[in-house]
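This is what each chain is made of:
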Amino acid sequence: MIRLGSNSITRAEILKAHDIEFIQSGSDFDEEQITTKDPKEFVYEATMGKYKDCLKLYGLDIPLLVADTVVTAQGELLRKPKDEDDARRILNLQSGSRTSIITCMVFATKDEEFVDISATHYDFGKFEEDDLENYLKSGQWRGKAGGCMVEGFCKKYIKQVEGLESCAMGLTIEKILDKIPKNNIQVN
């Protein structure tokens, strides 16, 4: 059993897909206090802030996994959209552009602390206006870094990808599978 220190539905789905038993318990860390515009610094500071909060709240009686993700396109740090207009602006920056999705994660046990920052880079084709408007109306972009869903809306626009899809989805699971005690992984 591990603790996922995140409220992300997508991160929980990644753990389930790998048959990892977990308890999901997020934190109230306020990312608005982070002032850096550098994507890697931002995602690191956000992850470490959430990690420290979760460590205080829950300790390490069971292993703790915390992660955060940011998106960058056209030199701009793209966080979770505040509303539909912000989502439209952010997604239009990604349309027809190279977009990088950066995930930082911490996996900690009583004996080890593993920190990783990974990036996956996408070259997206131009988003079709009707398709974009339907995606915006669906609300699926809510709570997503950069409003981006590479496993959903953005998938058909991917021209080229460098990196792991799991990173782009918010948890580079491949980097920690060997660190999770075997009794935490269910074998079917």
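The preceding data block contains the structure.
Quick caveat: nothing in here was measured; it's all calculated off a predicted structure.

Asks: Could you give an account of the overall build of the chain, with specific residues and numbers?
Replies: Check the secondary structure of the chain and you find 5 helices and 7 strands. Starting at the N terminus and ending at the C terminus, the chain contains elements arranged as β-α-β-α-β-β-α-β-β-α-β-α. Computed over C-alpha atoms, the radius of gyration of the chain comes to 17 Å, within 12% of the 16 Å expected from 2.2 N^0.38 for 188 residues, which places it in the range of a compact globule. In terms of its C-alpha atoms, the chain occupies a principal-axis envelope of roughly 50 × 40 × 25 Å. Among the 188 residues that make up the chain, the fraction classed as buried is 52%. Considering only intrachain contacts with a sequence separation of at least 6, the fraction spanning at least 24 residues in the chain is 66%. Distance between charge centres in the chain, computed from 25 positive and 33 negative side chains, equals 0 Å.

Asks: Give a detailed account of unusual backbone geometry, specifying residues and quantitative values.
Replies: For D19, which is not glycine, the phi torsion reads 55° and is therefore positive. Here D19 lies in the loop between α1 (9–17) and β2 (22–24). Judged by its relative accessible area of 27%, D19 falls in the partly exposed class. Look at Q74: it is not a glycine, yet its phi comes out positive at around 50°. Counting through the fold element by element, Q74 comes out in the loop between β3 (64–73) and β4 (76–78). Given the relative accessible area of 55%, Q74 is considered exposed.

Asks: Just give me the short version of the side chain of S166, but keep the residues and values in it.
Replies: In this structure, S166 sits in helix α5 (residues 165–168). What makes S166 buried here is its relative accessible area of 9%. The residues touching S166, leaving out its near neighbours within four places in the chain, are I14, L171, T172, I173 and E174.

Asks: Mind laying out the nonpolar core, listing which residues take part and the relevant values?
Replies: Core analysis: the biggest nonpolar cluster contains 23 residues, and I101, F124, F127, V150 and F153 have the highest contact counts within it. When residues of this core are traced back to their parent elements, those giving at least two are β3, α3 (84–94), β6 (113–124) and α4 (129–138). If you tally residues by element for this core, the top one is α3, at 4 residues. Excluding residues within four positions of it along the chain, F153 makes contact with F127, D131, L132 and Y135. In this structure, L65, F114, I176 and I180 belong to the second largest nonpolar core, which totals 16 residues.

What counts and what doesn't
- The numbers attached to residues start from 1 for each chain and follow its sequence in the written order.
- Under the rules for a predicted model, residues below a pLDDT of 70 receive no local features and side-chain atom pairs below 80 are neither given nor counted, while totals for whole chains, interfaces and linings still include all residues.
- Heavy atoms from the whole structure form the basis of all side-chain values; hydrogens and water molecules are not counted.
- Where helices and strands are cited, they refer to DSSP runs of H or I of at least four residues and of E of at least two residues respectively, numbered from the N terminus.
- C-alpha atoms define the radius of gyration in this analysis, and the globule rule sets the expected value at 2.2 Å times the number of residues to the power 0.38.
- Type-normalised accessible area, obtained with a 1.4 Å probe on protein chains alone, sets the label of each residue: buried when under 20%, exposed when over 50%, and partly exposed for intermediate values.
- Here, two residues are considered to be in contact whenever any of their heavy atoms come within 4.5 Å of each other.
- All tallies of charge rest on Lys and Arg as positive and Asp and Glu as negative; His and the ends of each chain are not included.
- Every charge is mapped to an atom, namely NZ of Lys, CZ of Arg, CG of Asp or CD of Glu.
- The set of buried Ala, Val, Leu, Ile, Met, Phe, Trp, Tyr and Cys residues whose side-chain atoms join them within 4.5 Å is what this entry labels a nonpolar core.

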